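A look at the structure
Given next are the chains, with one letter for each unit.
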Amino acid sequence: MSRLPRVDEQMNDVNGGASPGPREDFSTSSLATTKPRLKTGVKALSSTLLMAALYACLSGLLFGYQMGITGGALHSLQSSMDLSASQAESVSSFFFIGLMIASPFGGYACDRLGRRSSILYMDGLFLVASLVMGIAPTYETILAGRFVAGCASGISLVASVSYLTELASVDQHHAQYRGALVSSVEASVSLGFLVSYCAAYMLTVAIDFEEGWRLLFGLGTLVISVIQWAGMRSMPESPEWLAEQGFHDKAHAALRRITMHRSDEDSAISDQVTEIEAEFRGRSQESVPLEHGEVNFFLLDD
């Protein structure tokens with residue numbers, strides 16, 4: 001009975017009698033060493049964008065602080081100024097009245113003044129409200145201060161969300177973090193509640209200061225608003241808003257700070273600013289530029 005040739009013998013015949021050579025080891029370890037690395041495309045956020053997000057989140061902190069501080073300050077306020085229950089409720093309600101009235105105008109203020117500038121102007125309103133509530137001699141003065149604080153909170157919160165959304169959208173590498181950056185403003189509202197409760201506990205329970213409501217309404221709002229004002233002064237304006245208003249050079253400088261482009265990439269930045277300007281010109285909605293004689297003071301030093 002004839003024997004069938006083996007596979008290696010057949011290979012020798014094909015190769016002209018030459019030996020097939022050593023066998024390759026296709027083990028799992030060898031495959032692991034030759035497996036190419038996948039490029040994730042993740043790019044770190046610029047320090048300017050991170051600091052802008054930090055300072056913009058203070059708008060949410062102020063909003064949460066103003067809502068939560070009434071719970072801890074009303075008892076001290078009632079005993080200090082001998083207020084009735086209905087009057088104490090009005091102190092809390094006037095903040096929400098101002099919030100309700102001013103919030104619909106937040107978009108108009110952002111389009112007219114700019115996102116960053118709107119935040120800075122609202123910090124000025126917070127400063128006025130804190131001084132009014134801190135030295136309030138009458139019940140009506142407290143209501144006025146709470147109303148002003150509500151107006152400032154409504155516009156500042158809208159401006160902060162718009163500001164971070166546009167800053168994160170100018171670079172495709174930063175767009176993947178846009179949701180996290182915008183959500184940080186909402187998360188800071190809860191932090192504002194925590195800060196207000198801790199401050200109220202220290203001044204009304206631990207220290208039992210009779211005029212503690214003045215520090216809670218006045219000093220607390222003052223400190224947070226001043227920190228935000230000082231920080232936002234060094235941050236760039238939204239490049240999209242600058243391009244919409246025709247500030248080509250300012251939009252170019254803002255994009256360079258946000259995206260960390262090198263000086264040899266100026267042409268790419270200029271092309272991006274031109275695209276933004278063309279996009280806004282093609283929109284059907286009309287922009288609201290500054291009228292003749294109007295001055296945005298926070299654009300003078302940019």
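So, a few notes on the structure that sits alongside this text. (Residues numbered from 1 in each chain as written. Predicted model: local features only at pLDDT ≥ 70, side-chain atom pairs only at ≥ 80, totals over all residues. Heavy atoms only, no water.)

Let's shift gears to the side chain of S153. Mapping S153 onto the fold places it in helix α7 (residues 139–169). For S153, a relative accessible area of 1% translates into the label buried. Discounting chain neighbours no more than four positions away, the residues touching S153 are F63, Q66, F95, L99 and F126. (Helix = DSSP H or I, 4+ residues; strand = E, 2+ residues; numbered from the N terminus. Buried < 20%, exposed > 50% of the residue type's maximum accessible area, 1.4 Å probe, protein only. Contact = heavy atoms within 4.5 Å.)

This part takes up the environment of S188. Structurally, S188 is set in helix α8 (residues 178–206). In this structure, the C-alpha to C-alpha distance between S188 and L54, residues 134 residues apart in sequence, is 9.7 Å. Those residues in contact with S188 that sit more than four places away from it in its chain are C57, G60 and L61. Within the structure, the side chain of S188 is placed 2.9 Å from the backbone oxygen of C57, a separation counted as a polar contact. (Polar contact = N/O pair within 3.5 Å; in protein donor to acceptor, adjacent residues only side chain to side chain.)

On to helix α9 (residues 212–232), then. The end-to-end C-alpha distance of α9 is 29 Å, a good match for the 30 Å that 21 residues give at a rise of 1.5 Å each. Listing the buried residues of α9 in full gives G212, W213, L216, F217, G218, G220, T221, I224, S225, Q228, G231 and M232. (Expected span 1.5 Å × (residues − 1).)

The next thing to look at is unusual backbone geometry. Trans peptide bonds make up most of the peptide bonds, and negative phi angles are found at most residues other than glycine. Positive phi is not limited to glycine here, since D82 has a value of about 55°. Relative to the assigned elements, D82 resides in the loop between α3 (47–81) and α4 (85–102).

Everything listed here is a matter of coordinates, which is why it stays silent on function.
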